[in-house]
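Topology and contacts: notes
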Amino acid sequence: MSWGTTRVLGNRDAGRYLTAVLVSGFGTAAMLLVAGIWVKDLTGSSSLAGLVTLGIWGPTLVAPLIGVLADRFRRRPLLIWLHLAMAALLPVLLLVDSAARVWLIFAVMVAYGVSFVLIDSAEAALVPAVVPGELLGDFNGLRMTVNEGMKLVAPLAGAGLFAAYGGHPVVLLDAATFALTALLLTLIRVREAPPPPPEPWTRQLAEGLGHLRRHAPLRHLVACTGVAMLLIGINGALAYAVVDDGLHRPPEFNGVLGTVQGVGSLLGGLAAGALLRRLGDRRVTALAAALLAAGLALRAAPGLVPVAAGTLAVGVGAPLVLITVWTAVQRETPNALVGRVSATVNTLTFGPGTLAVLAGAGLLELVDHRVIQLTGAAGAVLLAVWALRGGPRAAPEGLRPAAPQGPPAVGPEETAPPPATPQTAAPAAGRAERG
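Let us look at the structure shown here. (Residues numbered from 1 in each chain as written. Predicted model: local features only at pLDDT ≥ 70, side-chain atom pairs only at ≥ 80, totals over all residues. Heavy atoms only, no water.)

**Details of the overall build of the chain**
Rule in force here: A run of H or I in DSSP becomes a helix once it reaches four residues, and a run of E becomes a strand once it reaches two; helices and strands are each numbered from the N terminus. Relative accessibility thresholds used throughout: buried, under 20% of the residue-type maximum; exposed, over 50%; partly exposed, between the two (1.4 Å probe, protein chains only). Contacts are assigned to residue pairs with any non-hydrogen atoms lying within 4.5 Å of each other. Per-residue and other accessible areas follow the Shrake-Rupley method at a 1.4 Å probe size, with only the shown protein chains counted as cover for residues.
Looking only at helices and strands, the chain has 16 helices and zero strands in total. Taking all 435 residues of the chain together, 51% fall into the buried category. A separation of at least 24 residues holds for 85% of the contacts in the chain among residues at least 6 apart in sequence. Only carbon and sulfur atoms are counted for the fraction: they give 69% of the accessible area of the chain, which is about 18300 Å².

The following block contains the structure:
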């Protein structure tokens, strides 16, 4: 266990936050799997079952518009109310008992997707107030590890409950985890400054986009992450072709490879903080791209061993590139802008991956999956070079000047603003170019 991981786990409020992530992640992972199975079971339609995913991730495409809300409220109360609202909304699904009421599942999943955008944006802004700046990478890595760990365990529990008792117990389980998460968030001690008076929506949106335009290193990282997620999206679209045409195994074998990729994500999440301190943003992004290149190439090879090794490499690389850009946004963005900037970054990074799934599925009708995988691997090599050579150079986290720490955390009822720090004040001129 690294020094940073030990420090994060020893921080009481960070530990409570990670516990909240674990509890919420368990219920969410179970519900998201069961929602699709439930629609398929009631309607017999695979297409309708697939549209459940679109309902969940569709709001990400308009995340900048939604993320503005995260900067209009104090983030901890907003997170608490969002979790309580989802706990109250989910029991609506107890009314679903036939194909005629399947529309309720889609409606709740769209609400789920909107809440995801708001929760992610509010968390991105709140975490720097809970976790010391030098530990942001470690915390984000642990958060990714916890989420990926739940994806390995919770879907099995959700599927088991659904097989034995139907969808209603899973609904109640998820509602309970949302309520428990809200309770855990109330126990976190953090001082938040009151939000500034609300400005016109369009102006707030423009401020978030303007920060990315002005901040060259952050803009470069976001662009690299978007390309990486595009390659990962194409890889996901080829999953069944790799198993069928490459390994000559049944579709269910994707579950085995999914577990292998999940293990890789756990490893990548645990290593992210230490790597960011030693190597810096650009080198970690380049390393992630190199892992993607190796993974895509190996998944084009015949044989279970190279495909499994390639899947593991993709699993390690994906969280590294995401944790790097999330940490950079939290570190390099004034606190008043973090919500909308984070939402914009999510759209710019996950949007290409969503479109790549459609593109990959279309290409499979024209080109052998091995050609697509090897082309993607070559693209990942170019991405690694671009990550190292493009954009202004940034120093490793461990070599950056330590951010001055504010006053000690106080009880949740205290709301007086802390003294200005790099998280609460606009960055000084040239800060984005340091290194």
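**Some points on a nonpolar patch on the surface**
The cut-off we apply is this: Patch membership is restricted to residues that have no salt bridge and whose relative accessible area is over 30%. Joining uses 9 Å for like charges and 5 Å for the nonpolar side chains Val, Leu, Ile, Met, Phe, Trp and Tyr. Criterion for a salt bridge: a side-chain nitrogen of Lys or Arg within 4 Å of a carboxyl oxygen of Asp or Glu.
Residues Leu48, Leu51 and Leu54 make up a contiguous nonpolar surface patch of about 250 Å² in total accessible area. By the element assignment, Leu48 lies in helix H3 (residues 46-57). Classification of Leu48 as partly exposed rests on a relative accessible area of 32%.

**A word on the packing of helix H5 (residues 75-89) against helix H8 (residues 168-186)**
Geometrically, a packed helix pair is captured by the angle between its two axes and the distance between the axes. Selection rule: Structural elements are reduced to axes, namely lines fitted to C-alpha atoms, with helices fitted over the stretch in contact, and the angle between N-to-C directions of any two is expressed from 0 to 180 degrees. Should an angle fall under 35 degrees it is called roughly parallel, over 145 degrees roughly antiparallel, and 65 to 115 degrees roughly perpendicular, with every other angle called oblique. By the definition used in this description, the sense in which the near helix is turned from the far one sets the handedness, with an anticlockwise turn below a right angle giving left-handed and a clockwise turn giving right-handed.
Two numbers describe how H5 lies on H8: the axes approach to 8 Å, and their chain directions differ by 160°. Compared by their axis directions, H5 and H8 come out roughly antiparallel. As for how H5 packs across H8, the hand of that crossing is left-handed. Between H5, through Arg76, Leu79, Ile80, His83, Leu84, Met86 and Ala87, and H8, the contact on the second element is made entirely by Ala175, Phe178, Ala179, Thr181, Ala182, Leu185 and Thr186.

**Side note on unusual backbone geometry**
Residue His248 is not a glycine yet carries a positive backbone phi of 55°. For His248, the position within the fold is in the loop between helix H11 (239-246) and helix H12 (254-279).

**Regarding the pattern of salt bridges**
Inspection of every chain in the model, using the stated rule, returns seven salt bridges. Close ionic contact of Asp138 with Arg277 constitutes a salt bridge, the shortest N to O distance being 2.3 Å. In this pair, Asp138 is assigned in helix H7 (residues 136-165) and Arg277 in helix H12, connecting sequence segments 139 residues apart. The exposure class assigned to Asp138 is buried, which follows from its relative accessible area of 2%. Judged by relative accessible area, which is 17%, Arg277 ranks as buried. For Arg331, the salt bridge identified is with Asp281, shortest N-O distance 2.6 Å. Here Arg331 is found in helix H14 (residues 304-332), whereas its partner Asp281 is found in helix H13 (residues 281-299), with 50 residues between them in sequence.

**Description of the nonpolar core**
The line we're drawing: Take the buried Ala, Val, Leu, Ile, Met, Phe, Trp, Tyr and Cys residues and link them wherever side-chain atoms come within 4.5 Å; each set so joined is a nonpolar core.
Val8, Tyr17, Leu79, Val130, Val131 and Phe139 are the most contacted members of the largest nonpolar core, which has 33 residues in total. The residues contacting Tyr17, other than those within four sequence positions of it, are Leu79, Glu123, Leu126, Val127, Val130, Phe139 and Ile188.

**A look at the packing of aromatic side chains**
Quick reminder of the rule: Pairing of aromatic rings covers Phe, Tyr and the six-membered ring of Trp, with a centre-to-centre limit of 6.5 Å; geometry is then stacked below 30 degrees between planes, edge-to-face above 60, and tilted otherwise.
The full count for this structure, using the stated rule, is three aromatic pairs. Ring geometry for Tyr17 and Phe139: centres 5.7 Å apart, planes at 85°, overall edge-to-face. Of this pair, Tyr17 sits in helix H2 (residues 12-43) while Phe139 is found in helix H7, placing the two residues 122 residues apart along the sequence. When its relative accessible area of 1% is taken as the criterion, Tyr17 is described as buried. Ring pairing ties together the aromatic residues Tyr112, Phe116 and Phe178, which thus form one cluster.

**Digging into the environment of Gly303**
Within the secondary structure layout, Gly303 lies in the loop between H13 and H14. In the structure, Gly303 is positioned 57 residues away from Gly246 in sequence and 7.5 Å away in space, judged by C-alpha atoms.

**Some thoughts on H14**
For clarity, the threshold we go by: How far a helix is expected to stretch is found by multiplying one less than its residue total by 1.5 Å.
The end-to-end C-alpha distance of H14, which contains 29 residues, comes to 43 Å, matching closely the 42 Å that a straight helix rising 1.5 Å per residue would cover. When you tally the buried positions in H14, you get 22 out of 29 residues, the bulk of the element.

**Here we look at the side chain of Thr177**
Positionally, Thr177 belongs in helix H8. Residues within four places of Thr177 in sequence aside, it is in contact with Val23 and Gly27.

**Description of the packing of H7 against H14**
Test applied: Residues are grouped as follows: Ala, Val, Leu, Ile, Met, Phe, Trp, Tyr, Cys and Pro are nonpolar; Asp, Glu, Lys and Arg are charged; every other residue, Gly included, is polar.
Interaxial distance between H7 and H14 falls to 9 Å at its minimum, and their mutual angle equals 135°. As judged from the angle between their axes, H7 and H14 are oblique. The crossing of H7 and H14 is right-handed. Contact residues: H7 offers Leu136, Gly137, Asn140, Gly141, Arg143 and Met144, while H14 offers Pro319, Leu322, Ile323, Trp326, Thr327, Gln330 and Arg331. Its residues assigned to classes, the contact of H7 with H14 shows six nonpolar, five polar and two charged.

**Concerning the environment of Leu82**
Along the chain, Leu82 turns up in helix H5. Exposure remark for Leu82: the relative accessible area of 14% places this residue in the buried category. In sequence terms Leu82 and Leu118 are 36 residues apart; their C-alpha atoms lie 8.2 Å from each other. When sequence neighbours within four positions are dropped, the list of residues in contact with Leu82 reads Leu118 and Ile119.

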